[in-house]
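Residue-level listing of the chains:
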Amino acid sequence: MAQRVAVNDAAGSKRTARVRVAVRLRPYMDKQDEKSEGPCVRGLGPQTLEIVNWRNATETLQYQFDVFHGEQTTQQEVFLSSVKPIIPHILNGQNASVFAYGPTGAGKTHTMLGSQEQPGVIPRAVREVFHLVRTQVKDQDEWEFSVGMSYLEIYNEKVLDLLSPNSQDLPIREDKDKNIIIPGLTHTSLSSFSDFHTHFVPASLNRTTASTKLNQRSSRSHAILLIKVVKCQRVPPHRQQTGKLYLVDLAGSEDNRRTGNQGIRLKESGAINLSLFTLSKVVDCLNTGTGGRVPYRDSKLTRLLQDSLGGSAHSVMITNIAPEYKYYFDTFTALNFAAKSKQIINRPFVRETVMAPTNAAGKRSREEQDAGGSGE
Ligand code: ADP
Ligand code: MG
C-alpha cells in the first residue's frame, strides 16, 4: 500500500508552508536599451535591491526577498542556494516545486533550462536526483528507487502532453489520498541523466519550434517538467513512497494588453492572466498565512501544483527581472508580487534627472497607482 509522508490536504491540515522567493537580476544588455538610459534596477545586498522611482527621481524603492541573486550570480550559485536543498525531500516521498516567474526576456528559460555551456536548474536538478539515488542505493539495500519524467504544457488553460505531440487537453484529477494525477499523461522511466536528456531535449525543441509558428507560444504557455521518484521497500511490509518535483518555466508575466502586442487573441491573454493571476493569489495566500481557502482550483496551473505547492511541500519561486528601462513596469509588477517588504528611500538612484520610461507617458496603469499608493 502506498504510504504518503506528506500531508497535502489544504482543507484538512492547517500546516501551510511558505513559498521561498528568490529574485534574479539578469545582466544589463546594451541592445535592450536603445536610448542608452542605463539600468534602472541594482542589487544592494544578499536580500535587497533598489529600483528607481520614476515618479520622483529623489527616491528609490528598496525591496527585500528571501534571496537576491545579482547579475554576477552563476547558474551553479542559483542552483546551490535555491534548489539543491529541496531535492533530498523528493527521495522521501515529499513534493516540491520550483518555478521561474517574470516578464519575457528577463531570464526564466536561462534560469530553468540554460544552455550547453551554462546549464540551468533543470539539468542540475535531474543530475542531483540521480546522484542522490545512486548514493542511497549504495548505502543500503532496503529500498529500491525508480525515477521517471512527464513533460507538459498549459496553454490557454489546456493541459498538453509534450512527450506525446498530438495529445488533446488532459484532465486533472485528485485521488483519494489527495494526490493530483493526470490520467493519460505520458510517464517515461529514466535510468540515468543521459536517458533524461534523450527524452527531454527533442520535446523541448518541439515546444520552441512550435512557438515561432504559433505567435510566440512559449512566452504564453507554462512548461512543466515533472520528475517523480518512487521508493519501494524490498522487504515486508513493502512500503512505497512517491515524491514529485515540478520544474516550471512560467508564461511571461508582462501585461500583453498594456505592451500592445499585436495579434494576441483576447482569450489567449485572458487565459494566461488567469493562471498567473491565480498563482499570485495562491502564493500570497500561503505567504501571508491568512488562513483562508487557498484558491488552487481557480486555474489549471495551481490545480496541477496543488499537492506540490503549500501544504508540506517545498516550493521556491525564482522571479527573474531585467535591468533595462523598457522592462520597468513589468519589473515593478513582478517585484510587487515577489517582495516580502518594500520601502521608499529618499535617495536618488542616479545623480542626474531620471527619465520616465517612454511607455509611461499619458497612461496611468495599475502599477503606477501602486507606486504612488504606498509609502508616500
Ligand atoms: P525568458 O525565458 O524570461 O523570456 P530568456 O531566458 O530567454 O528569458 O533570456 C533572455 C535573454 O537573456 C537570452 O538571450 C538569455 O540567454 C539572456 N540571459 C538571461 N539571463 C541571463 C543571465 N543571468 N546571464 C546571461 N544571460 C542571460
Ligand atoms: Mg523563455
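It should be noted that the structure appears before, not after, this text.
This section reports on the structure supplied with the text. (Residues numbered from 1 in each chain as written. Chains lettered and ligands numbered in written order. Predicted model: local features only at pLDDT ≥ 70, side-chain atom pairs only at ≥ 80, totals over all residues. Heavy atoms only, no water.)

Turning to the overall build of the chain, a few remarks are in order. Broken down by element type, the chain carries 10 helices and 15 strands. Counting across all 376 residues of the chain, residues that qualify as buried make up 52%. Nonlocal contacts in the chain, meaning residues at least 24 apart in sequence, comprise 73% of its contacts between residues at least 6 apart. Surface accessibility of the chain: about 17,200 Å² in total, with carbon and sulfur atoms responsible for 51%. (Helix = DSSP H or I, 4+ residues; strand = E, 2+ residues; numbered from the N terminus. Buried < 20%, exposed > 50% of the residue type's maximum accessible area, 1.4 Å probe, protein only. Contact = heavy atoms within 4.5 Å. Areas by Shrake-Rupley, 256 points an atom, 1.4 Å probe, with all protein chains shown as cover.)

Before going further, it helps to spend a moment on the sheet that holds strand S4 (residues 60–64). The strands making up a sheet are joined through hydrogen bonds of the backbone, oriented either antiparallel or parallel. The sheet built from 4 strands is open, its strands ordered S2-S3-S4-S15 with antiparallel pairing. Both edges of this open sheet fall to strand S2 (41–43) and strand S15 (341–345), since each of them pairs with a single strand only. Neighbour to neighbour, the strand axes of the sheet diverge by 25° on average, direction disregarded. Sheet analysis places S4 next to S15, joined by 5 bridges and oriented antiparallel. Across the sheet, Leu61 pairs through a bridge with Ile344, a residue of S15. In the packing of helix H9 (residues 328–338) onto the sheet, the strands contacted are S2, strand S3 (48–52), S4 and S15, and the crossing angle to S3 comes to about 145°. (Pairing = 2+ DSSP bridges. Axes fitted to C-alpha atoms, helices over the stretch in contact; angles between N-to-C directions.)

For the rest of this paragraph, the subject is the nonpolar core. Ranked by size, the top nonpolar core spans 51 residues in total, and within it Leu49, Phe99 and Tyr328 carry the most contacts. For this core, the leading source of residues is H9, giving 7 residues. Filtering out sequence-adjacent residues up to four positions away, Leu49 remains in contact with Val23, Val41, Arg42, Gly43, Leu44, Leu61, Gln62, Tyr63, Phe65, Phe68, Ile321 and Leu335. Core analysis: the next-biggest nonpolar cluster, separate from the first, contains 38 residues, Ile86, Val98, Phe193 and Val316 among them. (Core = buried A, V, L, I, M, F, W, Y, C linked by side-chain atoms within 4.5 Å.)

When the terminal C-alpha atoms of helix H4 (residues 121–139) are compared, their 27 Å separation across 19 residues agrees well with the 27 Å that a helix rising 1.5 Å per residue should span. Looking at H4, one finds that the buried residues are Val121, Ile122, Pro123, Arg124, Ala125, Val126, Glu128, Val129, Phe130, Leu132 and Val133. (Expected span 1.5 Å × (residues − 1).)

An α-helical turn contains 3.6 residues, so any two residues separated by three or four positions project in the same direction. Here helix H1 (residues 75–83) has its buried residues at Gln75, Val78, Phe79, Ser82 and Val83. Seen from one end, H1 has its buried residues packed into an arc of 100°, which puts them on one side. (Arc of directions from axis to C-beta.)

The next thing to look at is the packing of aromatic side chains. Under the definition given, this model contains 7 aromatic pairs. For the pair Tyr101 and Phe337, a centre-to-centre distance of 4.5 Å together with 70° between the ring planes defines the contact as edge-to-face. Taken as a pair, Tyr101 in strand S6 (residues 96–101) and Phe337 in helix H9 lie far apart in primary sequence, 236 residues in all. Comparing Tyr101 with Phe337 shows no difference in burial state: the two are buried. Note on Tyr328 and Phe329: the rings are 5.3 Å apart at their centroids and 90° apart in plane angle, and the pair reads as edge-to-face. For the pair shown, Tyr328 and Phe329 are each scored as buried. Members of the aromatic cluster, each reached through a chain of ring pairs, are Tyr151, Phe193, Phe196 and Phe200. Here the guanidinium or amino end of Lys231 rests over the ring plane of Trp143, the centre of that ring lying 4.7 Å away. (Phe/Tyr/Trp six-rings, centres within 6.5 Å; stacked < 30°, edge-to-face > 60°. Lys NZ or Arg CZ within 6 Å of the ring centre and 35° of its normal.)

Moving on, we come to the packing of H1 against H4. Here H1 crosses H4 at 55°, and the two axes come no closer than 10 Å. Taken together, H1 and H4 sit at an angle that is classed as oblique. Remark: the crossing between H1 and H4 carries right-handed chirality. Of the residues in H4, those in contact with Gln75, Gln76, Val78, Phe79 and Val83 of H1 are Val121, Arg124, Ala125 and Glu128. Across the contact of H1 with H4, the residue classes break down as 5 nonpolar, 2 polar and 2 charged. (Parallel < 35°, antiparallel > 145°, perpendicular 65-115°, else oblique. Left-handed = near helix turned anticlockwise from the far one by under 90°. Nonpolar A, V, L, I, M, F, W, Y, C, P; charged D, E, K, R; others polar.)

As a further point, take the site of ligand 1. In the vicinity of ligand 1, the contacting residues are Arg24, Arg26, Pro27, Met29, Pro103, Thr104, Gly105, Ala106, Gly107, Lys108, Thr109 and His110. A distance of 3.0 Å is found between an oxygen atom of ligand 1 and a backbone nitrogen or oxygen belonging to Gly107. Within the contact set of ligand 1, an oxygen atom lies 2.8 Å away from a side-chain nitrogen or oxygen of Thr109. Within the complex, 68% of the 560 Å² of free accessible area of ligand 1 lies under protein. Top element by residues in the shell around ligand 1 is helix H3 (residues 108–112). It accounts for 3 residues. (Near = heavy atom within 4 Å. Polar contact = N/O pair within 3.5 Å; in protein donor to acceptor, adjacent residues only side chain to side chain.)

Glancing now at the environment of Val126. Summarising the element assignment, Val126 is placed in helix H4. We classify Val126 as buried; its relative accessible area is 1%. The spatial distance from the C-alpha of Val126 to the C-alpha of Val147 is 9.8 Å, given a sequence separation of 21 residues. For Val126, the residues in contact, after removing those within four places along its chain, are Phe193, Phe196 and Ile227.

Next up on the list: unusual backbone geometry. That bond from Pro236 to Pro237 is cis: its omega, 5°, falls within 30 degrees of zero. Of note, Pro237 is situated in the loop between strand S12 (222–233) and strand S13 (240–249). Positive phi values are uncommon outside glycine, yet Asn156 reaches one of about 55°. Under the relative-accessibility criterion, Asn156 is labelled buried at 14%. Phi at Glu157 takes a positive value of approximately 60°, unusual for a residue other than glycine. When its relative accessible area of 16% is taken as the criterion, Glu157 is described as buried.

Such coordinate-based values are descriptive only and should not be taken to indicate function.
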